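Summary of the model geometry
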Amino acid sequence: MAGAAELALALVAAAHLGFQATVTALVYPALARTGVERWADVHDRHSRRITPLVGLLYPALVVAGAGVALAGPSTAGWVALAGVAVSVLATAAVAAPTHARLGRLGPRPDLLRRLLVADRVRLIGAVVAAAGGAGLLL
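Right, let's walk through the structure included here. These figures come from a predicted structure and were not determined experimentally.

Cut-offs used in this document
Residues numbered from 1 in each chain as written. Predicted model: local features only at pLDDT ≥ 70, side-chain atom pairs only at ≥ 80, totals over all residues. Heavy atoms only, no water. Helix = DSSP H or I, 4+ residues; strand = E, 2+ residues; numbered from the N terminus. Rg over C-alpha atoms; globule rule 2.2 N^0.38 Å. Buried < 20%, exposed > 50% of the residue type's maximum accessible area, 1.4 Å probe, protein only. Contact = heavy atoms within 4.5 Å. Lys, Arg positive; Asp, Glu negative; His and termini not counted. Charge placed at Lys NZ, Arg CZ, Asp CG, Glu CD. Axes fitted to C-alpha atoms, helices over the stretch in contact; angles between N-to-C directions. Left-handed = near helix turned anticlockwise from the far one by under 90°. Nonpolar A, V, L, I, M, F, W, Y, C, P; charged D, E, K, R; others polar. Salt bridge = Lys/Arg side-chain N within 4 Å of Asp/Glu carboxyl O. 1 Å grid on protein atoms, 1.4 Å probe; cavity = no way out; pocket = protein on both sides within 12 Å on 5 of 7 lines; lining within 4 Å. Points joined across faces, edges and corners; volume = space filled by probe spheres on them.

1. Structural notes on the overall build of the protein
- From N to C terminus, the protein includes four helices and zero strands.
- Compactness check: the protein gives a C-alpha radius of gyration of 16 Å against a globular reference of 14 Å for 138 residues, within 12% of the reference.
- Relative to its full complement of 138 residues, the protein shows a buried share of 38%.
- Across the protein, contacts joining residues at least 24 apart in sequence account for 77% of those joining residues at least 6 apart.
- Of the charged side chains in the protein, 12 are positive and 6 negative; the average position of the first set lies 4 Å away from that of the second.

Right, dumping it as structure tokens:
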């Protein structure tokens, strides 16, 4: 039976996967199609709307992951932690700084490509974390 830390990580990883899949499939493609004339407004609204969700999910992933790490993870726990690490690092090292540059410089194709690649890496991390989280419940 899963303990509280494992249950928390499984639930947060599942929520993160739903969030990340929505961003990858719907939000970022629409953002990437935004023209220069509307970019500043659309990007600013996107940033304001998504920040509270990111501010809720990512700290929850880190806290739940720390709980599992401190408890001595099973194989499924290590899988979940690896996925969390990929998503968090891709966000902190690539996606967030790229968003900041897009906010300053506008929709440059190289920056949009970089953001979309980082986003796909985050989705892979979210899938791995959710699979590991599901394994924690078995």
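2. Observations regarding the packing of helix 1 (residues 4-32) against helix 3 (residues 75-105)
- In contact at an axis separation of 12 Å, helix 1 and helix 3 are set at 35 degrees when each is read in the N-to-C sense. Judged by the sense of rotation from one axis to the other, the crossing of helix 1 with helix 3 is left-handed. Residues Leu9, His16, Tyr28 and Leu31 of helix 1 form the contact with helix 3, whose own contacting residues are Ala80, Leu81, Val84, Ser87 and His99.
- Here the contact of helix 1 with helix 3 is built from residues that sort into six nonpolar, three polar and no charged.

3. Comments concerning the pattern of salt bridges
- Under the defined criterion, the tally for this structure stands at four salt bridges.
- Note that Arg48 is salt-bridged to Asp44, the shortest N-O span being 2.2 Å. Here Arg48 and its partner Asp44 are both found in helix 2 (residues 36-71), four residues apart, which amounts to about one turn of the helix.
- The class for Arg48 is exposed, based on a relative accessible area of 51%.

4. A look at the layout of surface pockets
- Roughly 200 Å³ of volume is contained in the largest pocket.
- In this structure, the largest pocket is lined by 15 residues; those nearest its centre are Tyr28, Ile50, Val54, His99 and Arg122.
- Elements that contribute at least two residues to the lining of the largest pocket include exactly helix 1, helix 2 and helix 3.
- With six residues, the single largest contributor to the lining of the largest pocket is helix 2.
- Residues of the lining of the largest pocket, tallied by class, amount to eight nonpolar, six polar and one charged.

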